[in-house]
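For reference, the chains in residue letters:
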Amino acid sequence: MATITTEYGKLSSNKTRTVYLRIRSGKTEKRINTQVKVLESEISPRTKKITYTLLKEFENHLSKKPRAQSLYLGELRHLFREAMLEFNTEEKTIIKSDPFIRYKVPKQVMKKGVRALTLEELMKVYHYRGKPGSRSQLARDTFILSFCLMGMNSVDLFSATNYKNGFIKYNRTKTKDRRNDEAYIEVKVHPFIKPLMKKYAGAKTVFNFCSRYNDYEGFNKNLNIGLKTIGKAVGISDLEFYQARHTFATLS
């Protein structure tokens, strides 16, 4: 059985896609790092190969790597849906079926000892109002920013420098050295958090956290101290910043 995972992919307006794939057949693995021009005549037969059965087989193939199940299959789902948006129109349907309607991508595996918040607990954090300018208020705001930015880590919030046309673009620090695409991510900023974006806007960085703290370690330490204050106030034990990412992965 041949299995395919997508390392990175992005469609552009000229219907060209940059794709990084790993294709495995038996014990053979071939890496492809290239730009692939995807034409309408090519996209339909390609997407037909991605079926519910293939996705389940690939999930089983990664049964000993639960985190890889979530990451690889989630990326493949994203690429498939982007292709549907690019090629399907009201007049013409190039991609006629979506296997991800039936197939559900496994949820991201939790970091040991860290759990996701329930929706009720998340709303308690959201409605928390600490003293303006306090460490707990900063922690609350940053936690909400992380959740709404698809689980953006505190180190990336601290160092991000690219915010243009409604998107934050960055290379995820934790995994950029382990991926061919350097863990490049684009996140659309939802209008819901634009007041927070304005509140913490930086001069040379997306956020002004680097002007408040000398380094990321100090920033992260103070966020978690502030979150402990929030947790005590709203009844959530051991609240920590990484839970924003896990909560997004679980509730989204």
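From a predicted model like this one, the values you see are computed outputs, not experimental measurements.

What counts, and where the lines are drawn
Residues numbered from 1 in each chain as written. Predicted model: local features only at pLDDT ≥ 70, side-chain atom pairs only at ≥ 80, totals over all residues. Heavy atoms only, no water. Helix = DSSP H or I, 4+ residues; strand = E, 2+ residues; numbered from the N terminus. Polar contact = N/O pair within 3.5 Å; in protein donor to acceptor, adjacent residues only side chain to side chain. Contact = heavy atoms within 4.5 Å. Buried < 20%, exposed > 50% of the residue type's maximum accessible area, 1.4 Å probe, protein only. Arc of directions from axis to C-beta. Pairing = 2+ DSSP bridges. Axes fitted to C-alpha atoms, helices over the stretch in contact; angles between N-to-C directions. Parallel < 35°, antiparallel > 145°, perpendicular 65-115°, else oblique. Nonpolar A, V, L, I, M, F, W, Y, C, P; charged D, E, K, R; others polar.

Student: How should I be thinking about the side chain of Asn88 in this particular structure?
Tutor: Assignment of secondary structure puts Asn88 in the loop between α3 (66-87) and α4 (119-127). A distance of 2.8 Å separates a polar atom in the side chain of Asn88 from the backbone nitrogen of Ile95. Setting aside residues no more than four positions away along its own chain, Asn88 makes contact with Ala83, Thr93, Ile94 and Ile95.

Student: Help me understand helix α2 (residues 52-61), please; the structure alone is not making it clear to me.
Tutor: Since the α-helix advances by 3.6 residues per turn, residues separated by three or four positions end up pointing in the same direction. Within α2 the residues assigned to the buried category are Leu54, Leu55, Phe58 and Glu59. Considered in projection along α2, the buried side chains sweep an arc of 140° and stay on one side of the axis.

Student: Hey, could you run me through the environment of Glu182 in this one?
Tutor: The residue Glu182 is located in the loop between β5 (167-171) and β6 (184-188) in this model. By relative accessible area, Glu182 is classed as partly exposed at 47%. Separated by 11 residues in sequence, Glu182 and Asn171 have C-alpha atoms that sit 6.1 Å apart.

Student: Just checking my understanding: could you explain the pairing of β5 for this structure?
Tutor: Residues Ile168 and Tyr170 line the buried face of β5, whereas the alternating positions Phe167, Lys169 and Asn171 sit on a face that is not buried. As defined by bridge partners, strand β4 (residues 162-164) adjoins β5 across three bridges and the pair is classed as antiparallel. Counterpart to Lys164 in the pairing with β5 is Phe167. Where β4 folds back onto β5 in an antiparallel hairpin, the turn is made up of two residues, including Asn165, whose phi is positive at roughly 55°. As paired elements, β5 and β6 share five bridges and run antiparallel to each other. Within β6, the position partnered with Ile168 by the bridge is Val187.

Student: Looking at this structure, how should I read the packing of α4 against helix α5 (residues 135-148)?
Tutor: Think of two packed helices as two axes; the pair is described by the angle between the axes and how far apart they sit. Two numbers describe how α4 lies on α5: the axes approach to 9 Å, and their chain directions differ by 130°. By the angle class used here, α4 and α5 are oblique. Between α4, through Leu122, Val125 and Tyr126, and α5, the contact on the second element is made entirely by Arg140, Phe143, Ile144 and Phe147. Residues that form the contact of α4 with α5 fall into these classes: six nonpolar, no polar and one charged.

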